[in-house]
Amino acid sequence: MPDVKLNNGVKMPILGFGTYGLSGEVCQQSVADAITAGYRLIDTAKVYGNEEAVGRGIKQSGIDRKKLFVTSKLWVDDAGYENAKKGFEETLRKLQLDYLDLYLIHRPRGDVKGSWKAMEELYKAGKIKAIGISNFDQAQLTDLLSYAEVKPVVNQIETHAYFQQTNDYNLLKKHNIYTEAWAPFAEGRNGLFTNEVLTQIAKKYNKTTAQVALRWHFQRGIIAIPRSSQKAHIAENLIIFDFKLDDADMKAIAKLDLNTTQFPEWS
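The notes below deal with the structure included here.

The rules we used
- Residues numbered from 1 in each chain as written.
- Predicted model: local features only at pLDDT ≥ 70, side-chain atom pairs only at ≥ 80, totals over all residues.
- Heavy atoms only, no water.
- Helix = DSSP H or I, 4+ residues; strand = E, 2+ residues; numbered from the N terminus.
- Contact = heavy atoms within 4.5 Å.
- Phe/Tyr/Trp six-rings, centres within 6.5 Å; stacked < 30°, edge-to-face > 60°.
- Buried < 20%, exposed > 50% of the residue type's maximum accessible area, 1.4 Å probe, protein only.
- Lys NZ or Arg CZ within 6 Å of the ring centre and 35° of its normal.
- 1 Å grid on protein atoms, 1.4 Å probe; cavity = no way out; pocket = protein on both sides within 12 Å on 5 of 7 lines; lining within 4 Å.
- Points joined across faces, edges and corners; volume = space filled by probe spheres on them.
- Nonpolar A, V, L, I, M, F, W, Y, C, P; charged D, E, K, R; others polar.

Glancing now at the side chain of Ser 115. Looking at where Ser 115 falls in the secondary structure, it is placed in helix H4 (residues 112-124). In this structure Ser 115 touches Leu 74, Asp 78, Ala 79, Gly 80, Tyr 81, Ala 84 and Ile 105, once residues within four positions along its chain are discounted.

In structure tokens form, the structure reads like this:
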């Protein structure tokens, strides 16, 4: 699994396993299956309500904790200095872990400055290997950078063929902050899996549209966290490193950008 080197020197897998929408035994088994298949980056969040199941899945896999890169996120209800520290400890307890590899502010709501200060302290104490943000727009990122002692390593945002976020991507690159894509398939919205351009490219390489979509992210240097509860798809999503999209493919996919969110209910 290829890694990216974050701006604090920590290495993070460029492809991971997302757990949004998974719960209970299905979540536990899916996480265990993903780790067995070869995933090392596991992404969860307090608001997903599945941190305990993710923790059990990690245990079930039997793999050495040090070989994994586990991400969770601070929810809006825990914003602020004191609340953020409590929220973090609750996440650790639910995951049954001693530290997190990456902790993100899930949404820029409430006392972001206080939350970031708490996360910086947890980072400096070694409880978190890296800290970052999620769903921050350009103005919110600029504001954070004006007072942050520790620069965020990633911004996890909606990114896929239909919403390519080129301006945000370029700004993040300028600041040496990685773009991390949630919903890298747009959850199949707007017919992404049957899109004619993606389908034709997939046929060309004897791949699936999902694999083409993930390869497109990879070639842009974007971290992606696809989710599936189906063992076959979990394995399939890993097989993106044995082919390369050419310039014509990349340009064709660039033209699919609708420059609008496919998840208006989340904005």
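Don't stop here, the text continues.
With that settled, the discussion passes to the packing of aromatic side chains. Using the criterion set out here, one finds 10 aromatic pairs in the structure. Judged by centre distance (4.6 Å) and plane angle (15°), the rings of Phe 263 and Trp 266 are stacked. When its relative accessible area of 25% is taken as the criterion, Trp 266 is described as partly exposed. An aromatic cluster of three or more residues is present, and its members are Tyr 20, Tyr 48, Trp 182, Phe 263 and Trp 266. In this structure, Lys 113 is placed above the aromatic ring of Tyr 147, and the distance from its NZ or CZ to the ring centre is 5.2 Å. The aromatic ring of Tyr 81 is capped on one face by Lys 117, whose charged end is 5.3 Å from the ring centroid.

Once that is clear, we can look at unusual backbone geometry. Backbone geometry places Ala 186, a non-glycine residue, at a positive phi of 55°. Of note, the phi angle at Asn 190 is positive, near 60°, even though the residue is not glycine. Structurally, the position occupied by Asn 190 is in the loop between strand S9 (178-182) and helix H7 (196-205). Of the residues examined, Asn 190 reaches a relative accessible area of 47% and is grouped as partly exposed.

All right, on to empty space enclosed by the protein then. Counted according to the given criterion, the structure contains one cavity of 30 Å³ or more. Here the largest cavity is characterised by a volume of approximately 30 Å³. Leu 74, Trp 75, Val 76, Ala 79, Ile 105, Arg 107, Arg 109 and Ser 115 together form the lining of the largest cavity. The residue inventory of the lining of the largest cavity, partitioned by class, reads five nonpolar, one polar and two charged.

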